[in-house]
Amino acid sequence: MVKRIGKVKKGAFSSQTPLVSVAMGSDSDLAVMEEAAKVLEQFGLPYEFYLTSAHRSPARTASYARDAAARGIKVIIVGAGAAAHLAGVIASETLLPVIGVPIDATALQGLDALLATVQMPGGIPVAAMAIGKAGAKNAALLAVRILSLQDAGLRSSLQDYIENMAREVERKHDQIIRKETPKKRTL
Ligand code: RP5
């Protein structure tokens, strides 16, 4: 069960139609891409998962990307590993912002996917995140930032999220200090 952040304010994005599409090239990417879903759920943003492969199902990939905006999708997050061309291919078939998450799927530990995602030739942008779970989490947070441009409630939830993170650092600091008793320090 995903815990929602403090105040999720319903704004223009309170519909149940998915606003964010989380695409991935293989079911083997799902464990990583679930990190994006967790964040979207925290913010109360409707999303969908979509499995499609740039090389195994090119026609499905093209029609998914072409139809996404008409279905109400505002941002597409794409997880892909190996020769990770899925995000670039999707970006070439839509005007929506596309955020790529390189997946660690091969002996190169995600470096292959990172370079494939980040090195888009000029003209078709893909926002490249970090490899793996941190990248999936940040992809969702970037989607939240994009959507919050037009939704004050979402912007306020984002502000709360950021402030909670800062408070968490202070809480963990206090925890460490409490464990470090003066007795231990003198030993
Ligand atoms: C990519 O190849 C997928 O995104 C996945 O990360 C990787 C391996 O896919 P599987 O062989 O596990 O289906 O297309």
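See the structure shown above.
Fair warning: this is a prediction, and the values are worked out from it, not measured in the lab. Each chain has its residues counted from 1, running along the sequence as written. In keeping with the predicted nature of the model, local features appear solely for residues at pLDDT of at least 70, side-chain atom pairs appear and are counted solely at 80 or more, and the whole-chain, interface and lining totals rest on all residues. Working from all heavy atoms in the structure, the side-chain values ignore hydrogens and water.

Student: What's the story with the nonpolar core in this structure? I'm lost.
Tutor: Side chains of nonpolar character tend, in soluble globular proteins, to be buried together. Throughout, nonpolar core names a set of buried Ala, Val, Leu, Ile, Met, Phe, Trp, Tyr and Cys residues whose side chains join them through atoms within 4.5 Å. Think of it in three bands: with a 1.4 Å probe and only protein chains considered, a residue is buried below 20% of the maximum accessible area for its type, exposed above 50%, and partly exposed in between. V20, M33, F43, L45, I77, I99 and V101 are the most contacted members of the largest nonpolar core, which has 27 residues in total. Helical segments are the DSSP runs of H or I of at least four residues, strand segments are the runs of E of at least two, and each set is numbered from the N terminus. When residues of this core are traced back to their parent elements, those giving at least two are β1 (20-24), α1 (30-42), β3 (75-81), β4 (98-103), α5 (133-148) and α6 (152-179). At 7 residues, α5 tops the list of elements feeding residues into this core. Note on contacts: a residue pair is in contact if any heavy atoms of the two residues lie within 4.5 Å. Apart from the residues lying within four places of it in its own chain, the contact partners of V20 are L40, P46, Y47, E48, I73, V75, I77, A143 and L147.

Student: What's the story with unusual backbone geometry in this structure? I'm lost.
Tutor: In the Ramachandran plot, A82 falls in the positive-phi region, its phi being about 60° despite a non-glycine side chain. Turning to its location among the elements, A82 is positioned in the loop between β3 and α3 (86-91). In this structure, Q109 is a non-glycine residue whose phi angle is positive, near 55°. Turning to its location among the elements, Q109 is positioned in the loop between β4 and α4 (111-118). Judged by relative accessible area, which is 58%, Q109 ranks as exposed.

Honestly, that's just the spatial picture; any functional story needs more than this.
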